[in-house]
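Structural description and commentary
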Amino acid sequence: MQLHRVPAAVALAACCSLGAAEAQTQPTPPDGAASAPAQPRRPATRPATRPADDQGKAQLDRVEVEGRASDESVRRASTASKIVITREEIERYGDSTIGEVIKRLPGVTTGGRPGRGGDIRMRGMGGGYTQILVNGERMPPGFSVDQLPPDQIERIEVLRAPTAEYGARAIAGTINIVLREALQKRVNDLRLQLSEERGKLRPNLGWTRNDKFGQTGAYNITLNATRNERIDDYNSTSTTHLLGSGQDSTIVNRGRSNSGNESLNVNGRVQWREANGDSFALQPFIVVNRSSGSNAFDQTQSLCSADPTSQIRCLNYDHADTESRNRSTMGRLHGQWQHKLGDDTRLEVRGAFGSMTAHGTSDREERRGGALFRTQDDTTDSRHGSWSMTAKLSHQMASEHSLVGGLEAEGQNLDQTRVTLQNGLPLPALQDFGDNLSASTKRFAYYAQDEWSVGKQWSFYAGLRGETITTGSSSAGNPVSNRSSVWTPLLHAVWKVGENSRDQVRASLTRSYRSPNLSDLIARPSINSQYACPDNALCGANVINYPDRMGNPDLKPEVARGLELAYENYLSLGGIVSVNAFYRRIQDLIRVEPELETVSWASVPRWVARPRNIGDATTYGVELEAKFRLDQFLTDAWPVNIRSNLSLFRSRVEQIPGPHNTLDQQPRGTANLGFDYRLRSLPLTLGANVNYTPAYEIQQTELQLTNLDKKRVADAFALWTFSPSLAVRLSAANLAPLDYFTGSVITTDKAVITARSGGPSYTQWQLRWEIKI
């Protein structure tokens, strides 16, 4: 009976979606790095032997067989919904960024141009709704997961609903990136990679060393060095239509940017077990980055007015050149200790501390008619420190209850110096804010959770988490203090349709939140360069589509009530068919809105864009997924692994008029369709994937409507395995590239301003040698 209804579900998901999810993937450990160190994998190793009198014959190669829980079994056993991306899937397409790997998952989208990675969004929700963790911890501000090369990732865990242990700052969900682990086996892998885009070569070197020491110890070292160069063309057009006179003024901007960066990433792990059963682990993590860039653009204006209050004032310059240089270093050390207090009780203590320093300069020259009009030089030095401590007590009761309680403390501090010189002199308009900024954030959390089973068909999870975040900053005349506390009850349940059934139903009832980040709170302005201030005076007026930007120290956290309901069918030969529906009700929604304000740096009111709590919102959607092997349902078919998903989203912001009053950056859906197949006659594996996000519009404010182009990203790879120790992978990202533009329409009582900006995207080719030494 089961086999009669599964093909219909598979056909529905596969025909309706364009997606990727693997039918049979490399198994992974069930526990995330945030909760426990990976248990050493002990391969059953049987070295080949030969008689003493047969030394002339060739020795057989050693064979290692290692067993780990598959990603489907981990997903099936978890009471809270969890998707695991294994090393095999991370490596499949030779992606250069984590965002490119994750975009093939159900409901995940990325910002920016196609093929460029970008910020990661679950359920299309950007701006902090998705919690991003590395080894179960948040990284410091200014660190992007795109700085982590995929070579250094062991696995990626995706949680659709929050849990007490991982934290509740996850309205859309949580993505936990687990770095490479130390295994009880010997590994010495070298990866040489060369990528090309628009004639620019990008060399990359990766090395992984894993071995054991003593009777219980193991270590891992992973190194990645890369050099990137990139050329991007961009253009923008902005037309202002004056309602009173009917006149149109169009500004056209054309330019090119050249950028390059060099980075070195090193992470390691050392773990061992003492005779008394205690286990220890240390994990250092270092990122060194250096980058530079230059861009030049020309702009023209069809009609302008010398009136300083006009909506079509004449531009100050027609050409600009900018040179920038940046360098940063981040180091972090994570430690873990596990101690058994009894047969059923375990104590785990984790701690980490780190530091990140950054230095950046930007030199800008603006010219009008070939003559130098204005220069602006910005120098920023930042130092960011962080620490964290976690204690977790676990107790397994005889009544099938698994109790966990924990305490967490975390601190972050930022010291920054920013110097801005215009034509070689400090700006009087910014003297009230000073050059130095100090800010700190402290977070304290406490949680308890219980996970238990009732019979063989029901599993339950109940958790409660309390969290308090205090943020403070000081700068000349602008101290900021913000404190927020949130309690989040969490409930999850799984029902297996029958004791031996492969069908199960999930349900979750949660409360989660999104706290304002530091940059949202700091009340320090950034003045728009298009309408910059004079050397020795306060600023004049600007226009709504060129606002200044500033933080808001009075922001409150967003709080959401959530509901999840899912059906999952685990196929007998591997793979899954699932349907997941979600709902979120969000209070105190944060959105960046421009408003006319009286400010200290201008003699007249100026448009200032700052984040504000604007009201309530609702979002809901459905995520369909099917991954299977084709010959499970078609007798004569090739054993092709099919991965597909389709996600549909809807949302409504109550305080903004419709019909496009959706959450910021949320499309109406996204889809993936992919396959891979290993040829029977050749040691060759082929695969491809298409990711698609349709164009969409968002009513940002009552005055502004934003539109974004569709994204269609096609990737393909070919893997030739010469031997168990040598393979070559050829991959292409963003085949048949599309141009990508964003636009807006702003309507005021005086004018309608229509703008559009963007540029082409490009195909990236990559050749990679994978060598086991």
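Residue numbers restart at each chain and count upward from 1, following the sequence in its written direction. Local features in a predicted model are, by the rule used here, given only for residues with pLDDT of at least 70; side-chain atom pairs are given and counted only at 80 or more, and totals for whole chains, interfaces and linings are based on all residues. Excluding hydrogens and water, the side-chain values take into account all heavy atoms of the structure.

This part is about the overall build of the protein. A tally of helices and strands in the protein yields five helices and 36 strands. By definition, residues are in contact when any of their heavy atoms lie within 4.5 Å. Counting only contacts in the protein whose residues sit at least 6 apart along the sequence, the fraction spanning at least 24 positions is 69%. Here, Shrake-Rupley sampling with a 1.4 Å probe gives the accessible areas, and only protein chains in the shown set may cover a residue. For the protein, the computed accessible surface area is about 33200 Å², with 56% contributed by carbon and sulfur atoms. Runs of H or I in DSSP of at least four residues are treated as helices and runs of E of at least two as strands, each being numbered from the N terminus.

Moving on, we get to the sheet that holds strand S3 (residues 82-85). Note on pairing: DSSP must find at least two bridges between two strands before they are called paired. Read across the sheet, four strands follow the order S3-S7-S8-S6 without closing on themselves; strand pairing throughout is mixed. The open sheet has two edge strands with one neighbour each: S3 and strand S6 (130-134). Neighbouring strand axes in the sheet, compared pairwise and without regard to direction, differ in orientation by 15 degrees on average. Note on geometry: axes are lines fitted to C-alpha atoms, helical ones only across the stretch in contact, with angles between N-to-C directions running from 0 to 180 degrees.

Bringing the pairing of strand S28 (residues 669-678) into the picture now. Burial runs high along S28: seven of the ten residues are buried. In the sheet, strand S27 (residues 641-653) pairs with S28 via eight bridges, with the strands oriented antiparallel. Bridge pairing in S28 links Ser-647 to Thr-670. Sheet analysis places S28 next to strand S29 (residues 684-693), joined by eight bridges and oriented antiparallel. Across the sheet, the residue bridging to Arg-678 is Thr-685, located in S29. Counting the residues in the hairpin turn of S28 and S29 gives five residues. A 1.4 Å probe rolled over the protein chains alone gives each residue an accessible area, and that area as a share of the maximum for its type sets the label: buried under 20%, exposed over 50%, partly exposed in between.

On the surface, a nonpolar cluster with roughly 390 Å² of combined accessible area is contributed by Leu-192, Leu-194, Leu-201, Leu-205 and Trp-769. The set of elements that each furnish at least two residues to the nonpolar patch consists of strand S9 (187-197) and strand S10 (200-213). For Leu-194, the position within the fold is in strand S9. Nonpolar side chains (Val, Leu, Ile, Met, Phe, Trp, Tyr) are joined into patches within 5 Å and like charges within 9 Å, using only residues with over 30% relative accessible area and no salt bridge. The salt bridge criterion pairs a side-chain nitrogen of Lys or Arg with a carboxyl oxygen of Asp or Glu, the two atoms within 4 Å.

Turning next to the nonpolar core. Here, nonpolar core refers to any group of buried Ala, Val, Leu, Ile, Met, Phe, Trp, Tyr and Cys residues whose side-chain atoms link them within 4.5 Å. Grouped together as the largest cluster of nonpolar side chains are 37 residues, with contacts concentrated most on Ile-102, Leu-148 and Ile-156. Residue assignment for this core shows that the elements contributing at least two residues are S3, helix H4 (98-102), strand S5 (120-122), strand S7 (153-159), strand S8 (173-179), strand S13 (279-301), strand S25 (576-597) and strand S26 (606-629). Counting residues in each nonpolar core, the second largest holds eight residues, with Leu-427, Met-550, Val-599 and Ala-602 among its members.

Each aromatic pair joins two rings of Phe, Tyr and Trp (for Trp, the six-membered one) with centres within 6.5 Å, and gets the label stacked for planes under 30 degrees apart, edge-to-face for over 60, and tilted for any other angle. Scanning the model with the defined rule gives eleven aromatic pairs in all. Ring centres of Tyr-93 and Phe-717 lie 5.1 Å apart, and the angle between their planes is 80 degrees; on these two criteria the pair is classed as edge-to-face. Here the residue Tyr-93 occupies a position in the loop between helix H3 (87-91) and H4, and Phe-717 occupies one in strand S32 (residues 711-723), the gap between them amounting to 624 residues. When its relative accessible area of 4% is taken as the criterion, Tyr-93 is described as buried. Between Phe-628 and Phe-633, the aromatic rings sit 5.6 Å apart at their centres with planes inclined by 70 degrees, giving edge-to-face as the arrangement. In this structure Phe-628 comes out as buried when scored by relative accessible area, which is 5%. Of the residues examined, Phe-633 reaches a relative accessible area of 26% and is grouped as partly exposed. For a Lys NZ or an Arg CZ to count as sitting over a ring, it must be within 6 Å of the ring centre and within 35 degrees of the ring normal. Its end group placed over the ring of Tyr-740, Lys-711 keeps NZ or CZ at 5.3 Å from the ring centre.

What follows concerns the environment of Ser-501. If you trace the backbone, Ser-501 turns up in the loop between strand S21 (480-496) and strand S22 (503-514). Take Ser-501: its relative accessible area is 15%, and that puts it in the buried class. A sequence separation of 69 residues divides Ser-501 from Tyr-570, and the C-alpha atoms of the two residues are 9.0 Å apart.

Another aspect to go through is the pattern of salt bridges. Enumeration according to the criterion identifies 58 salt bridges in this entry. Across the pair Arg-113 and Asp-232 runs a salt bridge, and its minimum N-O distance is 3.6 Å. Of the two residues, Arg-113 sits in the loop between strand S4 (108-110) and S5 while Asp-232 sits in strand S11 (residues 217-242), which places them 119 residues apart along the sequence. The residues Arg-113 and Asp-232 share a single accessibility class, namely buried. For the salt bridge of Lys-556 with Asp-588, the shortest nitrogen-to-oxygen distance reads 3.6 Å. With a gap of 32 residues between them, Lys-556 in the loop between strand S23 (548-549) and strand S24 (558-570) and Asp-588 in strand S25 connect regions that are remote in the sequence. For Asp-588, a relative accessible area of 26% corresponds to the partly exposed category. A single salt-bridge network, built from bridges that share partners, covers Arg-169, Glu-408, Glu-410, Arg-443, Arg-465 and Glu-467.

Only a pair of cysteine sulfur atoms within 2.5 Å counts as a disulfide in this structure description. A complete count under the given rule lists one disulfide for this structure. Residue pairing for Cys-304: its cysteine sulfur links by disulfide to Cys-314, the two sulfurs lying 2.1 Å apart. Measuring the twist about the S-S bond at about 75 degrees, one finds the Cys-304-Cys-314 disulfide to be right-handed. Of this pair, Cys-304 sits in the loop between S13 and strand S14 (319-342) while Cys-314 sits in the loop between S13 and S14; the two residues are ten residues apart in sequence, bridging distant segments of the chain. By relative accessible area, Cys-304 is classed as partly exposed at 37%.

The next point concerns unusual backbone geometry. In the segment running from Gly-658 into Pro-659, the intervening peptide bond is cis, with an omega of 10 degrees. Here Pro-659 shows up in the loop between S27 and S28. A positive phi angle, near 70 degrees, is found at Gln-665, a position not held by glycine. Along the polypeptide, Gln-665 turns up in the loop between S27 and S28.

As for its position among the elements, Glu-100 is in helix H4. Residue Glu-100 is classed as buried on the basis of its relative accessible area of 5%.

For every residue, the pLDDT score states the predictor's confidence, bounded by 0 at the bottom and 100 at the top. Mean pLDDT over the protein stands at 86; residues scoring 70 or higher make up 89%. Note that pLDDT drops below 50 for residues 1-65; the model gives that stretch 162 contacts with residues more than four away or on any other chain.

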